[in-house]
Amino acid sequence: MKHIDYNHEIKKINSTKKLRELFLGFMSLAKETLTEYNHHKNPDYYQIVYQNLFQRLYIGISAIETLFDKFNRNRYFKYPIAIQMRTCILDSITIAYLALFIDKKNQNKFKEQVIKLNHPVARELNDEIEEMIKKDKSEYKKHLERAEFHFPDNFTNGQRIKLKKIQELKPRGMAKALKGTPLEWYGEIYKLYQHYSKYEHFGTVSKTLIEFDAEFEFDNLTFSTFYVLQAAYMTMKFMEVDTVKIEKMRKLRDKIREVEPTFDKRAHTANKG
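All of these numbers come straight from a predicted model, not from anything done at the bench.

1. Concerning empty space enclosed by the protein
Taken as a whole and assessed by the stated rule, the structure comprises two cavities of 30 Å³ or more. In this structure, the largest cavity spans a volume of roughly 50 Å³. For the lining of the largest cavity, the secondary structure elements donating two or more residues are helix H3 (78-99) and helix H9 (214-239). Per-class residue counts for the lining of the largest cavity are six nonpolar, no polar and two charged. Space inside the second largest cavity adds up to approximately 40 Å³. In this structure, the second largest cavity is lined by Lys-18, Glu-21, Leu-22, Lys-255, Glu-258 and Val-259.

2. Comments concerning the pattern of salt bridges
In the structure shown here, the tally under the stated rule is 15 salt bridges. Residue Glu-188 pairs with Lys-191 through a salt bridge whose shortest N-O separation is 2.9 Å.

3. Notes on helix H7 (residues 189-200)
An ideal rise of 1.5 Å per residue puts 16 Å on 12 residues; H7 measures up with 17 Å between its terminal C-alpha atoms. Where H7 is concerned, the buried positions are Ile-189, Tyr-190, Leu-192, Tyr-193, His-195, Tyr-196, Ser-197 and Tyr-199.

4. Details of unusual backbone geometry
For residues besides glycine, phi is generally negative; the peptide bonds are generally trans as well. Positive phi values are uncommon outside glycine, yet Asn-42 reaches one of about 50°. Tracing the chain through its elements places Asn-42 in the loop between helix H1 (17-37) and helix H2 (45-73). Residues other than glycine seldom take positive phi values, yet Glu-240 does so here, at roughly 60°. Within the element layout of this structure, Glu-240 appears in the loop between H9 and helix H10 (243-254). When its relative accessible area of 45% is taken as the criterion, Glu-240 is described as partly exposed.

5. Regarding the environment of Arg-253
Relative to the elements of secondary structure, Arg-253 occurs in helix H10. You can call Arg-253 buried: its relative accessible area is 0%. Distance in space between the C-alpha atoms of Arg-253 and Phe-226 is 6.3 Å, their sequence separation being 27 residues. Side-chain polar atoms of Arg-253 contact the side chain of Asp-254, separated by 2.7 Å.

6. Section: the layout of surface pockets
Approximately 470 Å³ is the volume attributed to the largest pocket. Taken together, 19 residues make up the lining of the largest pocket; nearest its centre are Leu-53, Arg-56, Asp-91, Thr-94 and Leu-117. Looking at the lining of the largest pocket, the elements with two or more residues in it are H2, H3, helix H4 (108-135) and helix H6 (171-176). Examining the composition of the lining of the largest pocket, we find that six residues originate from one element, H4, more than from any other. Taken together, the residues of the lining of the largest pocket sort by class into 11 nonpolar, two polar and six charged. There is about 250 Å³ of room inside the second largest pocket. For the second largest pocket, the full set of lining residues is Arg-172, Ala-175, Lys-176, Leu-178, Lys-179, Glu-184, Trp-185, Gly-187, Glu-188, Tyr-190, Lys-191 and Gln-194. Contributing elements (two or more residues each) for the lining of the second largest pocket: H6 and H7. Its residues placed into classes, the lining of the second largest pocket shows four nonpolar, two polar and six charged.

7. As for the confidence of the model for the protein chain
Do not read the fine detail of predicted coordinates wherever pLDDT is low. When pLDDT is averaged along the protein chain, the result is 86; 88% of the residues meet or exceed 70. Here helix H11 (residues 264-271) stands out as the least confident element of the protein chain, with mean pLDDT 61; H6 is the most confident, with 97. Under a pLDDT of 50 for its full length, residues 1-13 has, in the predicted model, 22 contacts with residues more than four places off or in other chains.

8. Topic: the packing of aromatic side chains
Taken as a whole, this structure holds 15 aromatic pairs when the rule is applied. Ring plane angle 50° and centroid distance 5.8 Å describe the contact between Tyr-50 and Phe-110, whose orientation is recorded as tilted. Highlighted residues: Tyr-50 in helix H2 and Phe-110 in helix H4, separated in sequence by 60 residues. Owing to a relative accessible area of 0%, Tyr-50 belongs among the buried residues under this scheme. On the basis of an interplanar angle of 35° and a centroid distance of 6.5 Å, the ring pair of Tyr-196 and Tyr-199 is categorised as tilted. Here the residue Tyr-196 and the residue Tyr-199 both occupy positions in helix H7, the gap between them amounting to three residues, near one helical turn. On the accessibility criterion, Tyr-199 (2% relative accessible area) is buried.

Calculation rules
Residues numbered from 1 in each chain as written. Predicted model: local features only at pLDDT ≥ 70, side-chain atom pairs only at ≥ 80, totals over all residues. Heavy atoms only, no water. 1 Å grid on protein atoms, 1.4 Å probe; cavity = no way out; pocket = protein on both sides within 12 Å on 5 of 7 lines; lining within 4 Å. Points joined across faces, edges and corners; volume = space filled by probe spheres on them. Helix = DSSP H or I, 4+ residues; strand = E, 2+ residues; numbered from the N terminus. Nonpolar A, V, L, I, M, F, W, Y, C, P; charged D, E, K, R; others polar. Salt bridge = Lys/Arg side-chain N within 4 Å of Asp/Glu carboxyl O. Expected span 1.5 Å × (residues − 1). Buried < 20%, exposed > 50% of the residue type's maximum accessible area, 1.4 Å probe, protein only. Polar contact = N/O pair within 3.5 Å; in protein donor to acceptor, adjacent residues only side chain to side chain. pLDDT = per-residue confidence, 0-100. Contact = heavy atoms within 4.5 Å. Phe/Tyr/Trp six-rings, centres within 6.5 Å; stacked < 30°, edge-to-face > 60°.

Structure below.
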């Protein structure tokens, strides 16, 4: 097995300086937006969900930014960066997918999708309860009532609380749903999700990726940043925050051209949405 030099200094890669400036700009704008939005009166259900997703992007990008110093000194720190970026990309896919169901007059369409997103956790909770019940049936009702309280739309509420059969949403399915919509171009983000997913589970490929060219990974990080900032831009529009802040986010997203000039066409497409 190849020895890993944990003090290995990476070759000079494309400067992270400009990308870091984008991250810091986003973090500042996102923090200000979230702080002000806490005082927003009577937001719609879908806006509350988008606020939660926006907060996740803020925390995720903040985590990556703190790892840049390590990454600049040691290429192996692309591993935790990749894991965190995967989460940001998944949230970005979710943001785009849910946009297809925004309807102020009928928010049930949107809520149905959130129920599907909740179902994997509801299922896991149900499995845990089933295991506990095998050991002690006396707490049966108490456990199921707890599950029904946290996930009222994922469990039946009758003589016996029972997990419903609900089709769960998968990242690939959400990305494919964008085809034929104004956000079809955004579906390309799924390729980045697939790439970063290879880091998540141990295997021959994950070991190879850790050793792979840091320059290549920096390029993926740049592409990913564009999609995440686009997701943040869309989210702020859905949250209906101050238009000045929305415009600041758009300009911040378009500054990705300073890191990677080939984004001219992509940013133009995004501005149509």
